[in-house]
Amino acid sequence: MVPTALTIFILVQVISWIDNLIPINIPGVGLITVLLTVTLIGFLANTIIARPIIRFLEEVLQKIPLVGFIYSSINDLATAFVGEKQKFDRPVLVPFDENGLLYKPGFITQSDLEKIGLPGMVTVYLPHSYNFSGNTFIVNSEKLIALKGKNTDIMKYIVSGGVSGKIKLK
């Protein structure tokens, strides 16, 4: 009961807050306006006319010292989860003890570290449960165990602390 009630409460609060941004006293108009605006902006951003402008703005943002770092970090994180170049597409278990009794689930983000002098090693991102953070480890690829399942289910499993989602060993 608590998750359902809390979800409904949060949604009502967010919709109410958005509605207060627009001075029309009809419930839901603010949310509809925001959704239509975001959809229209997204549509326009994908047109041939807008793409050169967006590329130009991206180049300008990347050239500004601190802003470029922030922009590229957010852009890399966003494209890691969505889009054509998803990075969290190879889920694995990483052993955390010599006896193979303790494992941590994660995702391979770089599969070849030979360029930095680490042949046979991979980069694995290990998300934290109930948090938007994680750790990055460099691991011997031979020690990893591949996981079977949808990437979204595995991420859900990890972030929920193992409470939801399903994972299977290959």
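Scroll up to find the structure.
Residues numbered from 1 in each chain as written. Predicted model: local features only at pLDDT ≥ 70, side-chain atom pairs only at ≥ 80, totals over all residues. Heavy atoms only, no water.

Asks: Can you walk me through the overall build of the protein in this structure?
Replies: Summing up its helical and strand segments, the protein has 5 helices and 6 strands in all. In sequence order, the protein lays out its α and β elements as α-α-α-α-β-β-β-β-β-α-β. For the protein, the proportion of its 170 residues judged to be buried stands at 19%. Summed over all atoms, the accessible surface of the protein reaches about 12900 Å², with 66% contributed by carbon and sulfur. (Helix = DSSP H or I, 4+ residues; strand = E, 2+ residues; numbered from the N terminus. Buried < 20%, exposed > 50% of the residue type's maximum accessible area, 1.4 Å probe, protein only. Areas by Shrake-Rupley, 256 points an atom, 1.4 Å probe, with all protein chains shown as cover.)

Asks: Looking at this model, I keep getting lost on the layout of surface pockets. Mind explaining?
Replies: Rolled over the atoms, a probe with the dimensions of a water molecule shows which regions are left empty. A volume near 180 Å³ is recorded for the second largest pocket. Contributing to the lining of the second largest pocket are Ala45, Arg51, Ile54, Arg55, Glu58, Gln62, Tyr71, Asn75 and Thr79. Those elements that place two or more of their residues in the lining of the second largest pocket are α3 (50–63) and α4 (65–81). Of the residues that constitute the lining of the second largest pocket, the class distribution is 3 nonpolar, 3 polar and 3 charged. (1 Å grid on protein atoms, 1.4 Å probe; cavity = no way out; pocket = protein on both sides within 12 Å on 5 of 7 lines; lining within 4 Å. Points joined across faces, edges and corners; volume = space filled by probe spheres on them. Nonpolar A, V, L, I, M, F, W, Y, C, P; charged D, E, K, R; others polar.)

Asks: It is not clear to me how the pairing of strand β3 (residues 121–127) should be interpreted in this structure. Could you clarify?
Replies: Where a strand is regular, its side chains alternate between the two sheet faces. Among the 7 residues that make up β3, 6 are buried, leaving the element largely enclosed by the rest of the structure. One ladder, built from 3 bridges, connects strand β2 (residues 103–110) with β3; its direction is antiparallel. Residue pairing for β3: Phe107 is matched across the bridge by Tyr125. (Pairing = 2+ DSSP bridges.)

Asks: Could you clarify how one ought to interpret the packing of helix α1 (residues 2–21) against helix α2 (residues 29–45) in this entry?
Replies: Packed helices, taken two at a time, are described by the angle between their axes plus the distance between the axes. Relative orientation of the contacting elements α1 and α2 amounts to 80 degrees, with a least axis distance of 7 Å. One finds that α1 runs roughly perpendicular with respect to α2. For the pair α1 and α2, the contacting residues are Ile15, Ile18 and Asp19 in the first and Val29, Gly30, Leu31 and Val34 in the second. Class assignment for the residues of the contact of α1 with α2 results in 5 nonpolar, 1 polar and 1 charged. (Axes fitted to C-alpha atoms, helices over the stretch in contact; angles between N-to-C directions. Parallel < 35°, antiparallel > 145°, perpendicular 65-115°, else oblique. Contact = heavy atoms within 4.5 Å.)

Asks: How should the environment of Thr33 be read in this particular structure?
Replies: Among the structural elements, Thr33 can be located in helix α2. Separated by 14 residues in sequence, Thr33 and Asp19 have C-alpha atoms that sit 9.0 Å apart. For Thr33, the side chain forms a polar contact with the main-chain oxygen of Val29, separated by 2.7 Å. (Polar contact = N/O pair within 3.5 Å; in protein donor to acceptor, adjacent residues only side chain to side chain.)

Asks: Honestly, the pairing of strand β1 (residues 91–95) in this entry has me stumped. Any pointers?
Replies: Taken across its 5 residues, β1 has 4 buried, putting it largely inside the fold. Summarising the sheet, β1 and β2 pair through 5 bridges and their orientation is antiparallel. Within β2, the residue paired with Pro91 across the bridge is Phe107. Direction of pairing for β1 relative to strand β5 (residues 145–148): antiparallel, over a ladder of 2 bridges. Of the residues in β5, the one forming a bridge with Leu93 is Ile145.

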